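What follows is each chain in one-letter form.
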Amino acid sequence: MTTAPWRDPAVPAADRVDALLSRMTLEEKTAQLYGVWVGAATDGDGVAPLQREMAAGPSADEWDELISHGLGQLTRSFGTAPVDPVLGVRALARAQRRIAAASRFGIPAVAHEECLAGFTAWGATAYPVPLAWGAAFDPALAEELGRRIGRDLRSAGVHQGLAPVLDVVRDPRWGRVEETIGEDPYLVGTIGAAYVRGLESAGIVATLKHFAGYASSAGARNLAPVRAGVREFADVTLPPFEMALREGGARSVMASYTETDGVPVTADPRLLTGLLRDEWGFTGTVVADYFGIGFLQTRHRVAGDEAGAAHQALVAGVDVELPTLKCYGPPLVTAVREGRVPESLVDRAARRVLLQKCELGLLDEDWRPEPDGPLDLDSAGNRALARQLAQESVVLLDNPDGLLPLAPGTRVAVVGPRAADALAMLGCYSFPSHVLTHHPDVPLGIRVPTVLDALRAELPDSKVTFAEGCGVSDPDTAGFPEAVARAAEADVCVVVLGDRAGLFGRGTSGEGCDAADLGLPGVQGELLDALLATGVPVVLVLLTGRPYALGRWHGRLGAVVQAFFPGEEGGPALAGVLSGRVNPSGRLPVSVPRAPGGQPWTYLQPPLGLAGEVSSLDPTPLYPFGHGRSYTSFAWEDGPGDAVTEIGTDGSYDLSLTVRNTGGCAGAEVVQLYLHDPVASVTRPDVRLIGYQRVELAPGEARRVTFRFHADLSSFTDRTGARVVEPGALELRLGPSSAQVRHTAALRLTGPVRVVGPDRRLRCEVEVSAGTD
């Protein structure tokens, strides 16, 4: 029997797809352009379409007819309801065989899942959220995280992961801050690209979210219009995506829900085709955010019907409608047959989808749906990685009198609404927070020690008592007296405050859980005041998805520890920091404000965005971007000299320093390199991160850190819209945060203004070598 050309791996992929497309009907081509939201049967018998208010796809009776034309994607067969993973794998494999057998060409679907902080499946490891990845300042660890998550996805038969989120925080009141990596595009880009490399190395199609501008929504409201200027968009919003595509190799991009200057992203060919494909050279698939194509009709009102929405999205360059068919189904077929939508647009999108399926082996003659290897979604190795990342991400904000680490035998009162709740560790896209809230009788499926449990295990010789004090967001203060009593009986009070992750108003952090201001939720601030009034030293531990204003308590607290939803091993990680077993090394990926108004502010401010006499409002943060303390001390020696160095606008310059651990315990310093551009043709941030290096050091050990700066790293978008490197003075600043300078290097760029493009250097390479004794 002769193998069909599209089934033969020896035939070039483009030829295979062309041969297939030439034989497909319009219905068969459009079937490749949408997903169907499915749920795995709990008995492993298969998957079936879901009937829900927003995902009204085909009924079960229509399923056989639908798959007879083929199917582009299966949406979240694991991440929709709790199902035993082994049975879920069996159900997905049976569904894939059924899909392949039902259509003329035997093409299975791409199965996709969320993987923002781990595979969103029941029983899978819940890792720290991306904001914690940013706090770790450790790209190698982020890459290993992506690799492990990717392997788990592959072991379950999943092909595509909807992560990472590369939105740069512009206003910390936005609910999805927890899903971001931070407020700096270089940090977001380097950590995000590393995660993508890991995910793609496991054979999973990484999907960059949300392209582009989602985090710049007006008033920090979810799905609000974006009013970012051209240069902010080019210099802050886009670079992380460019880095993740060029250096990470991402094969998919998700179009954002939002609109910028009146043009919805899902209908914007300048962004999704002109920039993404023509300028950047992207060849993968663009998928819609869930229901995003339909929103062109229902929310943006730029389309009069579903066919009009489909037409605009196809013109823009959206290849796949998710999560289920609506606009790209029968309305599109009818519009093409009536001549309202060119069939060439369908062909273009179908070709991209089929090329990706070809890459994934889904067109091969020997394709089989059963994944290889064992299935263990919460292995010991996963948990070890989850704990390492949690430990590296904990930020010691303050410890003025050395109250931490806690002394052995200390009587500890643990207080607060986040101390004894396992969900306090998990972000809104973890399976327990995202799905299990709808299934209250189903257990978590993973072990998540609370701070209270972990601290009792960490301090077996200490008397540890507990009182909740209050809820996360309710106004009830009835629990205050018991909490105050427990604190008064103790040597130290550890108060654990923060967020409850949720969706669309069901939490204080998460998608659709935007904040009016940056005051602690509910009466948690009042509880903290009551505890401080006892006179007992108070350690504040924050488990949050965003930064909160802490100026009201500055100078009154014995210590402040910040963790951003640190995952299933976050409790032991925090207990280790409090006991001293773990030396904190996290650094802030977002600034911590002084006042609750928050001055919706990130550190990337030009001169007019900084404090000055022209306004009574001071936006200076209480703790700046990059800040974090340690239980040891570090000396920065032998930095660059005072001389001005001249290099060309296409030149490079190496600057080095020696970092020495001068304290009594092992620790990690994070050396940060910032650029200050004193005069430019457009206003520039006072400082911005262009390099960093995490350095692990034993007591007395020294390491030499060399940053290889290239003039490309000073580029920005000028008044004409071109990205340029301008001649003139620059100052490179080495420091432990954006607000501290330990060493500077003065440069002068010489030569002509140089226009740079997508081939410019995006990263500052760093070399670490042995230091001198």
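Just above, that's the structure.
What counts, and where the lines are drawn
- Residues numbered from 1 in each chain as written.
- Predicted model: local features only at pLDDT ≥ 70, side-chain atom pairs only at ≥ 80, totals over all residues.
- Heavy atoms only, no water.
- Helix = DSSP H or I, 4+ residues; strand = E, 2+ residues; numbered from the N terminus.
- Buried < 20%, exposed > 50% of the residue type's maximum accessible area, 1.4 Å probe, protein only.
- Contact = heavy atoms within 4.5 Å.
- Lys, Arg positive; Asp, Glu negative; His and termini not counted.
- Charge placed at Lys NZ, Arg CZ, Asp CG, Glu CD.
- Salt bridge = Lys/Arg side-chain N within 4 Å of Asp/Glu carboxyl O.
- Pairing = 2+ DSSP bridges.
- Axes fitted to C-alpha atoms, helices over the stretch in contact; angles between N-to-C directions.
- Core = buried A, V, L, I, M, F, W, Y, C linked by side-chain atoms within 4.5 Å.
- Arc of directions from axis to C-beta.
- 1 Å grid on protein atoms, 1.4 Å probe; cavity = no way out; pocket = protein on both sides within 12 Å on 5 of 7 lines; lining within 4 Å.
- Points joined across faces, edges and corners; volume = space filled by probe spheres on them.
- Nonpolar A, V, L, I, M, F, W, Y, C, P; charged D, E, K, R; others polar.
- Polar contact = N/O pair within 3.5 Å; in protein donor to acceptor, adjacent residues only side chain to side chain.

K.L.:
Please clarify how the overall build of the protein chain should be interpreted in this entry.
P.N.:
When helices and strands are tallied, the protein chain shows 20 helices and 28 strands. Along the longest, intermediate and shortest principal axes, the C-alpha atoms of the protein chain span 80 × 70 × 50 Å. Relative to its 773 residues, the protein chain shows a buried fraction of 64%. Considering only contacts in the protein chain between residues 6 or more positions apart, those separated by 24 or more positions represent 79%. Distance between charge centres in the protein chain, computed from 70 positive and 94 negative side chains, equals 1 Å.

K.L.:
Help me understand the pattern of salt bridges in this model?
P.N.:
If charged atoms from side chains of opposite charge come close, those side chains can pair. This model, assessed by the stated rule, comprises 52 salt bridges. The residue R170 makes a salt bridge to E232 at a minimum N-O spacing of 2.9 Å. Taken together, the positions of R170 in the loop between strand 5 (160-162) and helix 7 (185-201) and E232 in helix 8 (residues 230-237) put the pair 62 residues apart, joining distant regions of the chain. For R170, a relative accessible area of 19% puts it in the buried group. The salt bridge partner of R684 is D235, with a shortest N-O separation of 3.8 Å. Here R684 is found in the loop between strand 20 (667-676) and strand 21 (688-697), whereas its partner D235 is found in helix 8, with 449 residues between them in sequence. Note on accessibility: R684 and D235 belong to one class, buried.

K.L.:
Quick question: what am I supposed to make of the sheet that holds strand 21 here?
P.N.:
Overall, mixed pairing links the 5 strands, which are arranged 18-26-25-20-21 in an open sheet. The open sheet has two edge strands, strand 18 (644-648) and strand 21, and neither has a second partner. Each adjacent strand pair in this sheet contributes to an overall mean axis angle of 25°, direction not counted. As paired elements, strand 25 (residues 728-735) and strand 26 (residues 743-750) share 7 bridges and run antiparallel to each other. Bridge pairing in strand 26 places L730 opposite L747.

K.L.:
Explanation requested: the nonpolar core in the structure shown.
P.N.:
Side chains of a nonpolar character, in soluble globular proteins, are inclined to be buried together. If you look at the biggest cluster of nonpolar residues, it comprises 206 residues, and the most contacted ones within it are F211, Y328, L550, F709 and L732. Of all the elements, helix 7 adds the most residues to this core, at 9 residues. Discounting residues that sit within four places of it in the chain, F709 has contacts with I647, S652, Y653, L655, I690, S714, L730, L732, L747 and C764. Among the nonpolar cores identified, the runner-up in size contains 35 residues, and L406, M425, L426 and L455 belong to it.

K.L.:
I tried to follow the sheet that holds strand 27 (residues 754-755) on my own but got confused; where do I start?
P.N.:
Paired through backbone hydrogen bonds, the strands of a sheet run either parallel or antiparallel to each other. Spatially, 23-24-27 is the arrangement adopted by the 3 strands of the open sheet, whose pairing is antiparallel. Lying at the two open borders of the sheet, with one neighbouring strand each, are strand 23 (716-717) and strand 27. As paired elements, strand 23 and strand 24 (residues 723-725) share 2 bridges and run antiparallel to each other. The partner of T717 across the bridge, within strand 24, is R723.

K.L.:
Teacher, can you tell me more about helix 19 (residues 524-532) here?
P.N.:
Those residues of helix 19 not exposed but buried are Q524, G525, L527, L528, L531 and L532. All buried residues of helix 19 project into a common sector of 160° when viewed along the axis, lining one side. Buried residues belonging to helix 19 abut strand 12 (412-415), helix 18 (480-488), strand 14 (492-498) and strand 15 (538-544).

K.L.:
I'm lost on the layout of surface pockets in this one. Help?
P.N.:
Left-over empty space is what a probe sized like a water molecule reveals as it rolls over the atoms. As a volume, the second largest pocket reaches approximately 710 Å³. In this structure, the second largest pocket is lined by 27 residues; those nearest its centre are V230, F233, A234, L238 and L275. Looking at the lining of the second largest pocket, the elements that each hand over two or more residues are helix 8 and helix 10 (269-279). The element that contributes the greatest number of residues to the lining of the second largest pocket is helix 10, accounting for 4 residues. A per-class count over the lining of the second largest pocket returns 14 nonpolar, 5 polar and 8 charged.

K.L.:
Even after reading the chapter, I still don't get the side chain of E114, so can you show me in this structure?
P.N.:
Of note, E114 is situated in strand 4 (residues 110-114). Exposure remark for E114: the relative accessible area of 5% places this residue in the buried category. For E114, the side chain forms a polar contact with the side chain of K209, separated by 3.1 Å. Residues in contact with E114, not counting those within four places in the same chain, are R76, F119, T120, L162, K209, Y290 and Y429.

K.L.:
Even after reading the chapter, I still don't get the environment of L404, so can you show me in this structure?
P.N.:
With respect to the secondary-structure elements, L404 resides in the loop between strand 11 (395-398) and strand 12. Among the residues examined, L404 registers a relative accessible area of 2% and is labelled buried. Between the C-alpha atoms of L404 and L578, which are 174 residues apart in sequence, the distance is 6.2 Å. The contact partners of L404, leaving out residues within four places of it in the chain, are L396, N399, V539, A559, V561, L578 and Y631.

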